[in-house]
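Survey of secondary and tertiary structure
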Amino acid sequence: MSHPSQGRATHSAPDLPPTPLTVTAIELFWVRMPLVAPFETSYGRVHDRECLLVRLEGRHPDRGPVEGWGEVVADADPGYSYETTGTAWHVLTEFILPRLPGATLPDEHTLRATYEWVRGHPMAKAGVEMAYLDARARALDMPLWRVYGGDPARDRIPVGVSIGIQDSLDDLLSLVERWLQRGYRRIKIKIKPGHDEEPVRAIRDRFGDIPLMVDANAAYTLADAPRLEALDAYDLMMIEQPLHEDDLLDHAELQRRLRTPICLDESIKHVHGAREALTLGSCRIINIKQGRVGGPSDARAIHDLCRSRGVPVWCGGMLETGIGRSHNIALTTLPGFTLPGDTSGSDRYYHEDLIDPPVTVNPDGTITVPREPGLGYRVVRERVERYTVKYKAWRQAS
Ligand code: OSB
Ligand code: MG
């Protein structure tokens, strides 16, 4: 019944003492937060971000009560993946969360063993593992990045920005200019058929040799290969997810025809798929999102695989609130995250983030990794409650 990617340690797993946390309560918040600007991709446009937040309350024999927060990154609509806030709510409330109160969990593998039998629903599971890791970090009085197994030398992580499809080229160019001025280390723009070579050429003409990449969110087919081959002339760092998520063979065929590296996002759902994609030559770079792959442990397994094969990875984003964002910062401290990720400052997404202080980007395009225990940012519960549209809690029977 055991699935090889689940419940197992990986070689870079940090050496931590068992942390016997007894779960005293779990809370689940369905939040809806207005975005500072709508975000448009090849599959649609969002004005608000919906997600679930998991709060795990535990008791440690020595440290007493601790809490941990995680984020379920599924969106309101199944445009990016089949998971939605609604499916995650269903799976978590019916099958995963009710059995946690009262359980004593010394590490994330024992946590994962409680829901290993649930097929699929990686984003739902990831939110729970994130909450546990934050609580574990606080029980150990360690910053979250240490519990992720990060490299202590990576005290700042390089970051880029992902710009949605704009109504006009002028709007796009002024956003590129703004984020370059703020120091972001690379620009990613969203493309779709008919909206690809023109914006890329306009950015190259205006800004020259900046680190630039595009993300198609699976909008093309192999029949469009000539359109994508035309992008080879613009020296892009990579083309992210050009074809259908399940089509590793066509991605391999396309990669043979392109000079530009392909980076896979939606296609990489677990470490086995990552191995298949690398073996087939479907990509040369992988975007790791902990939600998409089932949680921090799975993200680390894919990181380790890529590292052993010399394949660079970077941390993707899902317009996270500060809670998911701080987990992404911790993940990015692993040594294989050599390319700038999509983890931008809080002000790119929200007027008011759920954490204090908000995430900010240094003038050199890095985010400073917090050194305080746990997330390293304070979750402002009053704000979480203000944006909550649905709530459920489970408490240990006393
Ligand atoms: O494909 O990487 C993607 C946002 C939502 C869903 C999918 C994607 C994105 C982004 C934005 O590109 C990343 C971010 O800024 O969080
Ligand atoms: Mg993407």
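This one's a predicted model, so the numbers in the text were calculated from it and none came from an experiment.

The next point concerns the packing of aromatic side chains. Under the criterion given, the structure shown has six aromatic pairs. When the ring of Phe29 is compared with that of Tyr391, the centres are 5.1 Å apart and the planes differ by 55 degrees; the resulting orientation is tilted. Within this pair, whereas Phe29 is found in strand β1 (residues 21-41), its partner Tyr391 is found in strand β16 (residues 388-395), the two being separated by 362 residues in sequence. Judged by relative accessible area, Phe29 falls into the buried class, the value being 1%. Accessibility expressed as a relative area gives 39% for Tyr391, which makes it partly exposed. Note on Trp179 and Tyr184: the rings are 5.8 Å apart at their centroids and 85 degrees apart in plane angle, and the pair reads as edge-to-face.

Moving on, we come to the pairing of β1. For β1, the buried fraction is high: 16 of the 21 residues fall into the buried class. Inspection of the sheet shows β1 paired to strand β4 (residues 104-105) by two bridges, in the antiparallel sense. In the sheet register, Thr22 faces β4, and the bridge partner there is Thr104. Bridge count between β1 and strand β2 (residues 44-60): 15 bridges; the pairing is antiparallel. Bridge pairing in β2 places Glu27 opposite Arg55. In this antiparallel pair of consecutive strands, β1 and β2, the connection spans two residues. Bridge count for β1 against β16 is seven bridges, and the pairing is antiparallel.

With that settled, consider the domain arrangement of the protein. Domain annotation for the protein reports domain 1 (21-144 + 379-395) and domain 2 (147-375). Of the residues lining the interface, 42 residues belong to domain 1; the matching set on domain 2 comes to 52 residues. Ranking the residues of domain 1 by area buried against domain 2 places Val36, Tyr80 and Leu144 at the top, with a combined share of 19%. Remark: the boundary between domain 1 and domain 2 carries seven salt bridges. In this structure, Arg45 engages Asp167 in a salt bridge whose closest nitrogen and oxygen atoms are separated by 3.1 Å. The interface formed by domain 1 and domain 2 includes 26 residue pairs in polar contact (both at pLDDT 80 or more). Secondary structure elements with two or more residues in the side of domain 1 that touches domain 2: β1, β2, β3 (64-72), α2 (108-115), α3 (122-139) and α13 (381-386). When grouped by side-chain class, the residues that make up the side of domain 1 that touches domain 2 number 25 nonpolar, four polar and 13 charged.

What counts and how
Residues numbered from 1 in each chain as written. Chains lettered and ligands numbered in written order. Predicted model: local features only at pLDDT ≥ 70, side-chain atom pairs only at ≥ 80, totals over all residues. Heavy atoms only, no water. Phe/Tyr/Trp six-rings, centres within 6.5 Å; stacked < 30°, edge-to-face > 60°. Helix = DSSP H or I, 4+ residues; strand = E, 2+ residues; numbered from the N terminus. Buried < 20%, exposed > 50% of the residue type's maximum accessible area, 1.4 Å probe, protein only. Pairing = 2+ DSSP bridges. Domains from an automatic or database assignment. Contact = heavy atoms within 4.5 Å. Buried area = accessible area lost by both parts, 1.4 Å probe. Salt bridge = Lys/Arg side-chain N within 4 Å of Asp/Glu carboxyl O. Polar contact = N/O pair within 3.5 Å; in protein donor to acceptor, adjacent residues only side chain to side chain. Nonpolar A, V, L, I, M, F, W, Y, C, P; charged D, E, K, R; others polar.

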